[in-house]
Amino acid sequence: MADAENPLLGEITCGSLMQKLQEIWDEVGESYEERDKMLLQIEQECLDVYKRKVEQAANSRAQLLQVLSDAKLELSTLVSALGDKSSVGIPEKASETIKEQLAAIAPALERLWKQKEERVKEFSDVRSQIQKICGEIAGNGSEQTGALVVDESDLSLKKLDEYQVKLKELQKEKSDRLNKVLEFVSTVHDLCAVLGMDFFSTITEVHPSLGDSTGVQSKSISNDTLSRLAKTVSALNEDKKQRLHKLQELATQLIDLWNLMDTPEEERRLFDHVTCNSSALVDKVTVPGALALDLIEQAEVEVDRLDKLKSSRMKEIALKRQLELEKIFASVHIEIDPEAAREKIMALIDSGNVEPTELLADMDNQIMKAKEESLSRKEILDRVEKWMSACEEESWLEDYNRDENRYNASRGAHLNLKRAEKARILVNKIPGMVDTLVAKTRAWEEDRGISFMYDGVPLLAMLDEYAMLRQEREEEKRRLRGQKKVSEQQNMEQETAFGSRLSPVRPAGPKKVVGPRANGGANGTPSRRLSLNANQHGNRSAGKDGKRDSMKLAAPANIVTVSKEDAASHVSRTDSVPASP
């Protein structure tokens, strides 16, 4: 019964509620005016509820439309930024409801958001690398700037490719710069090694990152670093060039002083590290420490020491030069006054009026000229030696022909016979030798404008005197042969008139020895003629060296010696004999 009274327990509808309200009004006895009034009130309240619901539905629809519009706008913006429409599936059917359209756009938006995040990350990475390399090139790579702001309005692959192309160009430039830096560092290392300098302190002065302790990729590649490296290499090269020039000057001075003082090879080898680069090019000097300052200082100290030693040994050195000069003159039979020359040298050194180097240079110049003079006289002197040798053979042959026992079967007779045969051949060539020698000598004198002196005597005067003597001897021989014929004819006439008779026995005289002739010629001419002394044959080598006892010509027996006064009258012009300083 309670369930029947409670209307809420049954099915509640608008009709059931209206029926229940009618029952209550009937039971209460409400008037019809009140009832109409209440029904109007109920209708108005129902309209208000419907209005509210319609408004709420309209607002919800507007919100959904705004969301759909925003989604479409965002979708369009993402597609435009990413620049790839083909990969986005956008529904285009207008008959679909709003919620269906939103449901269709949501997956595309989600894909585009992910793609945008990835694209933004790619852009950020590329631009970060570009900014880092640009900073390294600019020289502020260590300064970290704020977070990169990526322009999200253009995230297309074309724009990304542009950044990647730029990044590759910068990476190549960085690689080229790094290689150039490493090349500069290597050059600085090699130059520091040759110059004996500290490489680490030198390279870190340019930039701290260039030290060996840092990695390759962390080394500075800025324009300032490259410029400073180039300046450092240029300065080191200039320093290397100057040091090499200084060392080569010192090496030249050392070699000159060594040669001047005849320094032994053992002492010279101590400075091989200095002289080995005396003629080297700058690029060829690569040995570590070859141009170190202490090495140059060591060479300077040695040069100073040798300079002081040279001053104390100057007299000894100058006398050696003078002795060399005298030997050259003696070897070519040029007469000089060695004692006067040595006294003059000592006086010059003691006076201090001449630099030792100038004196030695002057003596070296004289030695060079003496050698040139020696070469110009060599051919004539060789012919003089052959002529003198032939004259000696001629003298020996005359002594041999006067020996009455030359055909005896004594020991060595056959050797003397062979020598005599060769001597006769050689003697027959003497006139031709003399003529050739005279022609050569006259040509030499005409070319040089001076007389050809042989140990202080004009050679032409000697040859003329020899020719005169030879002519006199030939005339003497003809005269003796004529006297002998007359004597033999007289003896034959006497034998015919008185008959033959025994010739008186000739007393036995001392046996003659075939050898050098006695002083005075074959015809007993006065002492103006010189002959070979008894030991001249043994002294021929000494004569060739110009060391004859009297510094005069020791000629064969049949050569006339001309005094210097006679020679001066014989030669039409005078000449100056090369003299020592």
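No experiment lies behind these values; they were computed from the predicted model shown. (Residues numbered from 1 in each chain as written. Predicted model: local features only at pLDDT ≥ 70, side-chain atom pairs only at ≥ 80, totals over all residues. Heavy atoms only, no water.)

Q: Would you mind showing me how to read the overall build of the protein chain here?
A: In terms of regular secondary structure, the protein chain is built from 18 helices and four strands. Scored against the burial criterion, the 581 residues of the protein chain give a buried share of 33%. Taking as baseline every contact in the protein chain between residues at least 6 positions apart, the subset at least 24 positions apart corresponds to 76%. Of the accessible surface of the protein chain, which amounts to about 37,000 Å², a share of 53% is contributed by carbon and sulfur atoms. (Helix = DSSP H or I, 4+ residues; strand = E, 2+ residues; numbered from the N terminus. Buried < 20%, exposed > 50% of the residue type's maximum accessible area, 1.4 Å probe, protein only. Contact = heavy atoms within 4.5 Å. Areas by Shrake-Rupley, 256 points an atom, 1.4 Å probe, with all protein chains shown as cover.)

Q: How should I be thinking about the environment of Glu117 in this particular structure?
A: Tracing the backbone through its elements, the reader meets Glu117 in helix α4 (residues 98-138). Owing to a relative accessible area of 56%, Glu117 belongs among the exposed residues under this scheme. A sequence separation of 35 residues divides Glu117 from Glu152, and the C-alpha atoms of the two residues are 9.9 Å apart.

Q: Help me understand the packing of aromatic side chains, please; the structure alone is not making it clear to me.
A: Aromatic rings in a pair are described by how distant their centres are and how their planes are angled relative to each other. Scanning all chains against the criterion turns up five aromatic pairs. Seen in terms of ring centroids, Trp258 and Phe271 are 6.3 Å apart; in terms of plane orientation they differ by 50 degrees. Their pairing is tilted. One end of the pair, Trp258, is in helix α7 (residues 223-261); the other, Phe271, is in the loop between α8 (265-269) and α9 (272-275), and 13 residues separate them in sequence. Trp258 gets classed as buried once you look at its relative accessible area, which sits at 3%. (Phe/Tyr/Trp six-rings, centres within 6.5 Å; stacked < 30°, edge-to-face > 60°.)

Q: What's the story with the UniProt feature "coiled-coil region" (unreviewed entry) in the protein chain in this structure? I'm lost.
A: In this structure's numbering, the residues bearing the UniProt feature "coiled-coil region" (unreviewed entry) are residues 153-180. Helix makes up 86% of residues 153-180 and strand makes up 0%, while its end C-alpha atoms are separated by 40 Å. (UniProt positions renumbered as here; feature names shortened; annotations may be inferred.)

Q: Sorry if this is basic, but what is going on with the environment of Asp224 here?
A: Within the secondary structure, Asp224 sits in helix α7. Sequence separation between Asp224 and Val206 is 18 residues, and the spatial gap between their C-alpha atoms is 9.3 Å.

Q: What should I look at first to understand the confidence of the model for the protein chain in this one?
A: Any region with low pLDDT has predicted coordinates that should not be read closely. Chain-level pLDDT for the protein chain is 77 on average; 79% of the residues reach the 70-or-more range. For the stretch residues 1-5, pLDDT sits under 50, and the model shows two contacts to residues farther than four places along the chain or on other chains. Contacts from residues 500-581, a stretch scored under 50 in pLDDT, to residues over four places away or in other chains number 148 contacts. (pLDDT = per-residue confidence, 0-100.)

Q: Which parts of the structure should I look at to understand unusual backbone geometry?
A: As a rule of thumb, non-glycine residues mostly have phi less than zero, and peptide bonds are mostly trans rather than cis. Unusually for a residue other than glycine, His333 sits at a positive phi of about 60 degrees. We classify His333 as buried; its relative accessible area is 3%. The phi torsion at Asp455 lies on the positive side, around 55 degrees, for a residue other than glycine. Tracing the backbone through its elements, the reader meets Asp455 in the loop between β1 (453-454) and β2 (457-458).

Q: Explain the packing of helix α13 (residues 356-402) against helix α15 (residues 430-448) here, please?
A: Think of two packed helices as two axes; the pair is described by the angle between the axes and how far apart they sit. Relative orientation of the contacting elements α13 and α15 amounts to 160 degrees, with a least axis distance of 10 Å. One finds that α13 runs roughly antiparallel with respect to α15. The handedness of the crossing between α13 and α15 comes out as left-handed. Judged by residue contacts, Glu373, Ser376, Arg377, Glu379, Ile380, Arg383, Val384, Lys386, Trp387, Ala390, Cys391 and Glu394 of α13 engage Ile430, Met433, Val434, Thr436, Leu437, Lys440, Thr441, Trp444 and Arg448 from α15. Classifying every residue of the contact of α13 with α15 by side-chain character gives 10 nonpolar, three polar and eight charged. (Axes fitted to C-alpha atoms, helices over the stretch in contact; angles between N-to-C directions. Parallel < 35°, antiparallel > 145°, perpendicular 65-115°, else oblique. Left-handed = near helix turned anticlockwise from the far one by under 90°. Nonpolar A, V, L, I, M, F, W, Y, C, P; charged D, E, K, R; others polar.)

Q: Which parts of the structure should I look at to understand the pattern of salt bridges?
A: Overall, the coordinates contain 24 salt bridges when judged by the stated rule. Glu267 is the partner of Arg305 in a salt bridge, and the nearest nitrogen-oxygen pair spans 3.0 Å. You can see Arg305 sitting in helix α10 (residues 293-312) and its partner Glu267 sitting in helix α8, a full 38 residues away along the chain. For Arg305, a relative accessible area of 38% translates into the label partly exposed. Ionic pairing is found between Lys371 and Glu324, a salt bridge with its closest N-O pair at 3.9 Å. Here Lys371, found in helix α13, pairs with Glu324, found in helix α11 (residues 314-331); they are 47 residues apart in sequence, far enough to count as distant. Ionic contacts of the salt-bridge type, sharing partners, join the residues Glu394, Glu398, Arg470 and Arg473 into one network. (Salt bridge = Lys/Arg side-chain N within 4 Å of Asp/Glu carboxyl O.)

Q: What exactly am I supposed to notice about the state of the cysteines here?
A: Each disulfide consists of one covalent bond between the sulfur atoms belonging to two cysteines. All chains considered together, the criterion is met by zero disulfides. Free of any disulfide, Cys14 has its nearest neighbouring cysteine sulfur in Cys46, separated by 6.6 Å. (Disulfide = S-S within 2.5 Å.)

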